[in-house]
Amino acid sequence: MFLNNYRDEVKEFLIKMGSNNGDIQQKVNWLNEEFDLLKEAVNQCEEDKIRHQLYDMLYLILEIAADNDFVLKG
């Protein structure tokens, strides 16, 4: 239930911003870009950038879940 609360917050934010377009392919592309940046940060041992990239990736995952009404377990 904990992750679903975050998913719901993201959904509310997306609706307020008018950004709930549900373009899953675009969000997966962004997720891939963020993953490349994460790998670079890990290779350079930059903890702040690692945290930033993890946050960005988690947010994109929550967006995908919100756009598609996925139930998250964990």
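Scroll up to find the structure.
Residues numbered from 1 in each chain as written. Predicted model: local features only at pLDDT ≥ 70, side-chain atom pairs only at ≥ 80, totals over all residues. Heavy atoms only, no water.

Q: Would you take a moment to explain the overall build of the protein for this structure?
A: The helix and strand tally for the protein stands at three helices and zero strands. Order of helices (α) and strands (β) in the protein, N terminus to C terminus: α-α-α. For the protein, the proportion of contacts with a sequence separation of at least 24, taken over those separated by at least 6, is 67%. Element-wise, carbon and sulfur atoms account for 57% of the exposed surface of the protein, whose accessible area totals about 5400 Å². If you average the places of the 8 positive and of the 15 negative side-chain charges in the protein, the two averages end up 5 Å apart. (Helix = DSSP H or I, 4+ residues; strand = E, 2+ residues; numbered from the N terminus. Contact = heavy atoms within 4.5 Å. Areas by Shrake-Rupley, 256 points an atom, 1.4 Å probe, with all protein chains shown as cover. Lys, Arg positive; Asp, Glu negative; His and termini not counted. Charge placed at Lys NZ, Arg CZ, Asp CG, Glu CD.)

Q: I'm lost on the environment of Phe2 in this one. Help?
A: Relative to the elements of secondary structure, Phe2 occurs in helix H1 (residues 2-17). Linking Phe2 and Lys73, residues 71 residues apart in sequence, is a C-alpha distance of 8.4 Å.

Q: Which parts of the structure should I look at to understand a nonpolar patch on the surface?
A: Together, Ile24, Val28 and Phe70 make up an exposed nonpolar region whose accessible area comes to about 230 Å². Note on placement: Val28 falls in helix H2 (residues 24-43). Residue Val28 is classed as partly exposed on the basis of its relative accessible area of 31%. (Patch = residues over 30% accessible without salt bridge, like charges linked within 9 Å, V, L, I, M, F, W, Y side chains within 5 Å. Salt bridge = Lys/Arg side-chain N within 4 Å of Asp/Glu carboxyl O. Buried < 20%, exposed > 50% of the residue type's maximum accessible area, 1.4 Å probe, protein only.)

Q: Even after reading the chapter, I still don't get the pattern of salt bridges, so can you show me in this structure?
A: When charged atoms on two side chains of opposite charge get close, those side chains can pair. Here the structure, examined in full by the defined rule, presents eight salt bridges. Between Lys11 and Asp69 there is a salt bridge, with the nearest N and O atoms lying 2.5 Å from each other. In this pair, Lys11 sits in helix H1 while Asp69 sits in the segment after helix H3 (47-67), placing the two residues 58 residues apart along the sequence. Accessibility expressed as a relative area gives 29% for Lys11, which makes it partly exposed. Notably, a salt bridge pairs Arg51 with Glu47, separated by 3.8 Å at the nearest N-O pair. With Arg51 and Glu47 both in helix H3 and four residues apart, this pair spans about one turn of that helix.

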